[in-house]
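Observations on the model geometry
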Amino acid sequence: MLIKTRKSGDVRSSEITSESVYKDRRSFLKMGGQFAFAGMGLALAGCSDAADPQSAKKAVGAGYGNVPQLDAPDWLQKKVAGYKPSRFTTDEDLTPYANVTGYNNFYEFGYGKDDPAKLAKNMTTDPWSVVIEGEVEKPGTYTLEDMLKPHDVEERIYRLRCVEAWSMVIPWAGISLADMLKRFQPTSKAKYVVFETLYAPEQMPGQRSRFSSIEYPYVEGLRIDEAMNPLTFMALGVYGKTLPPQNGAPLRLVVPWKYGFKSIKSIVKIRFTETMPRTTWVKSGPSEYGFYANVNPEVDHPRWSQKKERRLPNSIWEPNQIETTKFNGYAEEVAHLYKGMDLQKFY
């Protein structure tokens, strides 16, 4: 049985999918273990409108049979397809698969929203390994299969809010980050967890561009208590199938109460440190992008307001604009992490 947890700021009554439509979607999930959930990643770029605002409603109840299977190893396809439902969900309409996989920020492949989908097709994601290092008892280089073998995959439907003021609702499949990290036994000196994206200029044209202002490889980080929060998630797939390269295959972070650029993609290194890391966007634009990057409508970006967001898909005729909520609506689960902090200063 799927247990829904309704939190403060979750959804307004006007946004709730009808019960019949929601149950219809769930019936498809029960019928098809081959349909799983998974991820996507977002950082920053110019914003544009996505077409067909009604397609989000079509996605709910449609099942995932029309979602293409990517060229992932059989063991990973089976693992993602074997997901189990979790308590992390919402009744909000899902963002259609076409938007989730076609409207992306992944500057390693270009600055346009459609560049990643066009240019990431030849990215090599198998074999894949992740280096674990720093303040940890079990450092080493682990194959993806070894990293994931002990963990069951679960479904989580999370809101994703981009710093550019657009948002999506995405069905992910993956594993608890805390459960994964505990296996490597962080030491008492581990105050932060640092993640690093694949550096492969021959596959990622954005990394070899002379005009890029970003220092590669891409680096992001969390405080250890943020990383161990129950909401923090390592995604392996989206809409029941393994992640497409443009969404951060084969392994990407999902931190739903933070802006999307914190949810780093295509992870090849995890390092435990005693000091706060200088992350990619902190280095590139420290006056605009802070280390914490918590969704906060009370703190505007220097160049635009963060009080509202455009829920994709939208159009000129149907802008689909909604109010942004503190911590992206997950305040009940995470506000305690920042008790006593000045969130205007630590943005």
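Residues numbered from 1 in each chain as written. Predicted model: local features only at pLDDT ≥ 70, side-chain atom pairs only at ≥ 80, totals over all residues. Heavy atoms only, no water.

1. Concerning the environment of Ser129
- Relative to the helices and strands, Ser129 resides in strand 1 (residues 129–134).
- Residue contacts for Ser129: discarding those within four places in its chain leaves Thr141, Tyr142, Thr143, Leu144 and Val268. (Helix = DSSP H or I, 4+ residues; strand = E, 2+ residues; numbered from the N terminus. Contact = heavy atoms within 4.5 Å.)

2. A word on helix 3 (residues 74–81)
- Along helix 3, the residues that are buried comprise Leu76, Lys79, Val80 and Ala81.
- Those residues of helix 3 that are buried lie in contact with helix 6 (144–148), strand 4 (166–176), strand 7 (233–238) and strand 8 (241–242). (Buried < 20%, exposed > 50% of the residue type's maximum accessible area, 1.4 Å probe, protein only.)

3. A closer look at the pairing of strand 7
- Within strand 7, 6 of the 6 residues are buried, which leaves the element mostly enclosed by the surrounding structure.
- Strand direction decides the pairing type here: strand 4 and strand 7, joined by 5 bridges, are antiparallel. Paired with Ala173 across the bridge in strand 7 is Gly237.
- In this structure, strand 7 lies alongside strand 9 (residues 252–254), joined through 3 bridges in antiparallel fashion. Note that in strand 9 the partner of Ala235 across the bridge is Arg252.
- Here 2 bridges tie strand 7 to strand 8, and the two strands are oriented antiparallel to one another. Within strand 8, the residue paired with Gly237 across the bridge is Thr242.
- Linking strand 7 to strand 8, which pair antiparallel, is a turn of 2 residues; within it Tyr239 sits at a positive phi near 50 degrees. (Pairing = 2+ DSSP bridges.)

4. Re unusual backbone geometry
- The residue after Tyr216, namely Pro217, is reached through a cis peptide bond having omega 5 degrees.
- In this structure, Pro217 sits in the loop between strand 5 (192–197) and strand 6 (219–223).
- With an omega of -5 degrees, the peptide bond running from Ala249 to Pro250 counts as cis.
- Turning to its location among the elements, Pro250 is positioned in the loop between strand 8 and strand 9.
- Although it is not a glycine, Asn320 adopts a positive phi angle of roughly 55 degrees.
- Within the fold, Asn320 resides in the loop between strand 11 (308–311) and strand 12 (321–323).
- Classification of Asn320 as partly exposed rests on a relative accessible area of 36%.

5. Some details on the sheet that holds strand 5
- Spatially, the 5 strands line up as an open sheet ordered 2-1-10-5-6, and their pairing is mixed. Looking along the sheet, the strands with just one partner apiece sit at the ends: strand 2 (140–143) and strand 6. Neighbour-to-neighbour, the strand axes of the sheet open up by a mean angle of 20 degrees, direction not taken into account. (Axes fitted to C-alpha atoms, helices over the stretch in contact; angles between N-to-C directions.)

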